[in-house]
Amino acid sequence: MNVVDYLRISLIDRCNFRCQYCMPEGAELDYILQQNLLSYNELLTLIREVFMPVGFSRFRLTGGEPLIRPGIVDLVRAIASTPGVRDLAITTNGFLLAPIAAELYDAGLRRINISLDSLNPDTFDLLAGTKGRSRWQRVWDGIVEAHRVGFDPLKLNVVVIPGVNDSEILDLASLTIDRNWHVRFIEFMPIGNNELFGDMGWVPSAELRQRIRDRWGLEESRVTGNGPADVFQIPGALGTLGFISQMSECFCDRCNRMRLSADGWLRPCLLNETGQIDLKTALRNGVAPESLQEKVRSLLAIKPEINFKERDSGTLVGNYSRTMSQIGG
Ligand code: SAM
Ligand code: SF4
């Protein structure tokens, strides 16, 4: 059975982008009120006194956009310096990254995933919902700066939308040839903007791999990682290509993670909230960490039966499901 030792922590459900596939302009999202966000002290208490004692040792900060939450460098320092934390990573859209990349590194962060859906600034803005605001260059600068200060691995996440950015697969894959970067192609999921999903559908990873194989050849990578990606490599390339195929291949049996929302709900699966626990309210009501550990253990015990494909209706709200930004992508 899989060891579940990895927690994805959403710091905030808000974002400075409006990616069409996630939280498009005009989507009516109920944002979490400031007073309902877990404070950093509450978060550290949960990490140190609840999650670590039950076996979690690897953490990822995400959102929404984690870099818009003030004080992130101090939070990173506090988590990274906690004895027993084996791994701390962040997922960001990169827009605010360049000026603080070095500070984050010095605070103990080593692993970073940056979303980059296109190398074409116009397509990028179209997808990010930032048309007319030219956001690509700053994101690219953030990636280059993260590389310069030494983040390793440095991963680039690409959500592949048919007819929008799938024509750039080879260009994006070629970034790994002479850089030690890891480009990961993610199958577009019916979460967030279901309308866009309905129109566009998704491209199976196998098809992307074939396109890359036809161009350069493709071999399984020596670096496999322990996440959901199947990792390959262009022969001789410095970096790798990951394929996250949650639509075409169910990888629930190798799932090693749970998710904590910015308002303190612990859920066992991205699309299935069976058994979720309101840790923030319990903590604020003075429930002892030992009792919270028991609750988390109970959820861990039922996790193997919980399946991504059997999404529950609680996750759907009209045409929009809870977005990745709300759950903690
Ligand atoms: N704002 C940060 C970012 O964009 O990297 C972190 C949060 S974002 C929700 C985390 C990841 O989820 C991003 O790589 C994003 O592309 C991905 N994502 C969002 N909606 C998705 C969807 N419907 N299908 C597949 N991936 C999605
Ligand atoms: Fe923001 Fe990330 Fe969602 Fe894009 S994918 S809207 S950057 S949270």
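Up top is the structure.
Residues numbered from 1 in each chain as written. Chains lettered and ligands numbered in written order. Predicted model: local features only at pLDDT ≥ 70, side-chain atom pairs only at ≥ 80, totals over all residues. Heavy atoms only, no water.

Draft legend 1. Spotlight on the packing of aromatic side chains. As enumerated under the stated definition, the model contains 9 aromatic pairs in all. Aromatic pair Phe17 and Phe95: ring centres 5.7 Å apart, planes at 55 degrees, arrangement tilted. Residue Phe17 is located in the loop between strand 1 (6-10) and helix 1 (40-51), and its partner Phe95 is located in the loop between strand 3 (87-92) and helix 3 (101-106); the two are separated by 78 residues in the primary sequence. You can call Phe95 buried: its relative accessible area is 10%. An angle of 85 degrees between the planes, with centres 5.3 Å apart, marks the rings of Tyr105 and Phe151 as edge-to-face. One end of the pair, Tyr105, is in helix 3; the other, Phe151, is in the loop between helix 5 (136-149) and strand 5 (154-160), and 46 residues separate them in sequence. Judged by its relative accessible area of 4%, Phe151 is buried. (Phe/Tyr/Trp six-rings, centres within 6.5 Å; stacked < 30°, edge-to-face > 60°. Helix = DSSP H or I, 4+ residues; strand = E, 2+ residues; numbered from the N terminus. Buried < 20%, exposed > 50% of the residue type's maximum accessible area, 1.4 Å probe, protein only.)

Draft legend 2. Broad picture of the side chain of Thr240. Position of Thr240 among the secondary structure elements: in strand 9 (residues 240-244). A distance of 2.5 Å separates the side chain of Thr240 from the side chain of His182, its partner in a polar contact. For Thr240, the contacting residues outside a window of four places in its chain are Thr176, Trp181, His182, Val183, Ser221, Val231, Phe232 and Gln233. (Polar contact = N/O pair within 3.5 Å; in protein donor to acceptor, adjacent residues only side chain to side chain. Contact = heavy atoms within 4.5 Å.)

Draft legend 3. Quick peek at the pairing of strand 8 (residues 230-233). Both strand 7 (residues 219-220) and strand 8 contribute to a ladder of 2 bridges, which runs antiparallel. Directly across from Glu220, in strand 8, lies its bridge partner Phe232. In this structure, strand 8 lies alongside strand 9, joined through 3 bridges in antiparallel fashion. Within strand 9, the position partnered with Asp230 by the bridge is Phe243. As consecutive antiparallel partners, strand 8 and strand 9 are separated by 6 residues, and within that stretch Gly236 has a phi angle of approximately 85 degrees, a positive value. (Pairing = 2+ DSSP bridges.)

Draft legend 4. A look at the site of ligand 2. Lining the immediate environment of ligand 2, one finds Cys15, Phe17, Cys19, Tyr21, Cys22, Met23, Gly64, Asn93 and Ser325. A per-class count over the shell around ligand 2 returns 6 nonpolar, 3 polar and no charged. (Near = heavy atom within 4 Å. Nonpolar A, V, L, I, M, F, W, Y, C, P; charged D, E, K, R; others polar.)

Draft legend 5. Quick look at the state of the cysteines. Scanning the model with the defined rule gives 0 disulfides in all. For Cys255, which is in no disulfide, the shortest distance to another cysteine sulfur is to Cys269 and amounts to 6.6 Å. Judged by relative accessible area, which is 22%, Cys255 ranks as partly exposed. Cys269 takes part in no disulfide bond, and the closest cysteine sulfur, belonging to Cys252, lies 5.9 Å away. (Disulfide = S-S within 2.5 Å.)

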